[in-house]
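What the coordinates show
In case you want the letters, here they are:
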Amino acid sequence: MKNILLSFFWFLGVGRTEFLPPVMPTPTIALTPTVHQVTFAEINQKYGPCATVNVLMYHHIQEEKLAKKLGRTGLNVSPEWFEKHLQYLKDKQYNVLRMDELADFINGKRALPKKAVVITLDDAYEDNYLSAYPILKKYNFPATLFTPTGLVDVMDYLTWSEINDMKNSGLIYFGNHTWSHHSALDKKEVLEKEIGLADTQLAEKGLNGAKVFAYPYGKPSNDAEAILAKSGYSMAFTTKQGNILCVKQRYTLPRIRVGNAPLSKYGL
Ligand SMILES: [Zn+2]
């Protein structure tokens, strides 16, 4: 009886709307774009000389549990993973270069070995001293810390005394990351102050050897590039993903952002 009733309502059109065939969208012609993979040779011709260098980018190195509690897992690599990365570089016989060696290449003074790696840590957090530095020492691998000098001695940033200790090891180098971790997209006058003040502070403390810069938040600007060139900087790093470093792109160099995963995942 129930079925008969349902059929009857169906016949009347009650409750039928949801069974109407859907309106088909007008078919579009699927265009398959021909993606041209730019080769090293092409980039080299346009921006070269270029070299393949894996510039690894880290921020915090601390226990994942603590990073989670502090809401900073996106910028964290655990000490365990950091050590695994360094062990991998050792096992696979990568050449971990000092920043001044890379600067020499960019300045046309030397060629680079194959399987080249540069280790960078941004923002100068105190965990770099407490967790990363002992592991770097263990493997005897150099690294560069991009330091917003105005934040030194503040809360969980490095202290000048820790910076000095690392500098004296001869293993850790320091780079300009503006004075207050300032975006390069701001006005020229502001950038002049931000870059200039950090430059002066690093120089005063004998930390400005390679004269290298990293853009806070990753984005470069023409004004910042002009200031860096005028101030004698040899290189500036973005957060653009890549490992082909070219002389004519010295102020917009790419890096490889790594996380809690094997380096093989990042093309190494
Ligand atoms: Zn930063």
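Now for a quick tour of the structure.

Basis of the calculations
Residues numbered from 1 in each chain as written. Predicted model: local features only at pLDDT ≥ 70, side-chain atom pairs only at ≥ 80, totals over all residues. Heavy atoms only, no water. Donors = N, O, S within 2.8 Å, 3.2 Å for Na, K, Ca; no water. Helix = DSSP H or I, 4+ residues; strand = E, 2+ residues; numbered from the N terminus. Buried < 20%, exposed > 50% of the residue type's maximum accessible area, 1.4 Å probe, protein only. Axes fitted to C-alpha atoms, helices over the stretch in contact; angles between N-to-C directions. Parallel < 35°, antiparallel > 145°, perpendicular 65-115°, else oblique. Left-handed = near helix turned anticlockwise from the far one by under 90°. Contact = heavy atoms within 4.5 Å. Phe/Tyr/Trp six-rings, centres within 6.5 Å; stacked < 30°, edge-to-face > 60°. Lys NZ or Arg CZ within 6 Å of the ring centre and 35° of its normal. Salt bridge = Lys/Arg side-chain N within 4 Å of Asp/Glu carboxyl O. Core = buried A, V, L, I, M, F, W, Y, C linked by side-chain atoms within 4.5 Å. Pairing = 2+ DSSP bridges. Right-handed = clockwise from strand over helix to strand, strands pointing away.

1. Describing the coordination of the zinc ion
Only Asp123 (OD), His177 (NE2) and His181 (NE2) from the protein reach the zinc ion as donors, at distances of 2.0 to 2.1 Å. Between consecutive donor residues of the zinc ion, the sequence gaps follow D-x53-H-x3-H. Of this pair, Asp123 sits in the loop between strand E5 (116–122) and helix H6 (126–139) while His181 sits in the loop between strand E7 (172–176) and helix H8 (188–204), and the two are 58 residues apart along the sequence. In terms of burial, Asp123 and His181 fall into one category: buried.

2. So, the packing of H8 against helix H9 (residues 222–230)
Packing of H8 against H9 brings their axes to within 10 Å, and their N-to-C directions diverge by 40°. Viewed along their axes, H8 and H9 adopt a mutual orientation that is oblique. Judged by the twist between their axes, the crossing of H8 over H9 is right-handed. For the pair formed by H8 and H9, the contact residues are Lys188, Leu191, Glu192 and Ile195 on the first element and Asp223, Ala224, Ile227, Leu228 and Lys230 on the second.

3. Focus on the side chain of His85
Here His85 lies in helix H4 (residues 79–91). For His85, a relative accessible area of 1% puts it in the buried group. Apart from residues lying up to four places away in sequence, His85 is in contact with Tyr58, Val77, Val258, Gly259, Ala261 and Leu263.

4. Focus on the packing of aromatic side chains
Applying the stated criterion to the full structure yields six aromatic pairs. With a centroid separation of 5.7 Å and 20° between ring planes, the pair formed by Tyr129 and Tyr133 is classed as stacked. Pair noted here: Tyr129 and Tyr133 are both in helix H6, with a separation of four residues, about one helical turn. Given a relative accessible area of 5%, Tyr133 falls into the buried group. Lys115 extends its terminal NZ or CZ atom over the ring of Tyr94, reaching a point 4.8 Å from the ring centre.

5. Observations concerning the pattern of salt bridges
The final tally for this structure, using the stated rule, is seven salt bridges. Between Arg98 and Asp100 there is a salt bridge; the shortest N-O distance is 2.9 Å. Accessibility expressed as a relative area gives 24% for Asp100, which makes it partly exposed. The shortest N-O distance in the salt bridge between Arg110 and Glu101 comes to 3.4 Å. Taking the relative accessible area as the measure of exposure, Glu101 reaches 16% and is therefore buried.

6. Focus on the nonpolar core
Core analysis: the biggest nonpolar cluster contains 37 residues, and Leu89 and Ile119 have the highest contact counts within it. Mapped by element, the contributors of at least two residues to this core are strand E1 (50–58), H4, E5, H6, strand E6 (143–147), helix H7 (160–168) and E7. No other element matches the five residues that H6 contributes to this core.

7. Considering the pairing of E6
For E6, the tally of buried residues reaches five of five residues, placing the bulk of the element in the interior. On E6, burial covers both faces: Ala143, Leu145 and Thr147 on one face and Thr144 and Phe146 on the other are all buried. Here E5 runs beside E6; their pairing, made up of three bridges, is parallel. Bridge pairing in E6 links Thr120 to Thr144. You can see the chain leave E5, run along H6 and come back into E6, and the turn it takes is right-handed. As paired strands, E6 and E7 are joined by five bridges and run parallel to one another. Bridging across to E7, Leu145 finds its partner in Phe174. As a crossover connection, the stretch from E6 through H7 into E7 is right-handed.

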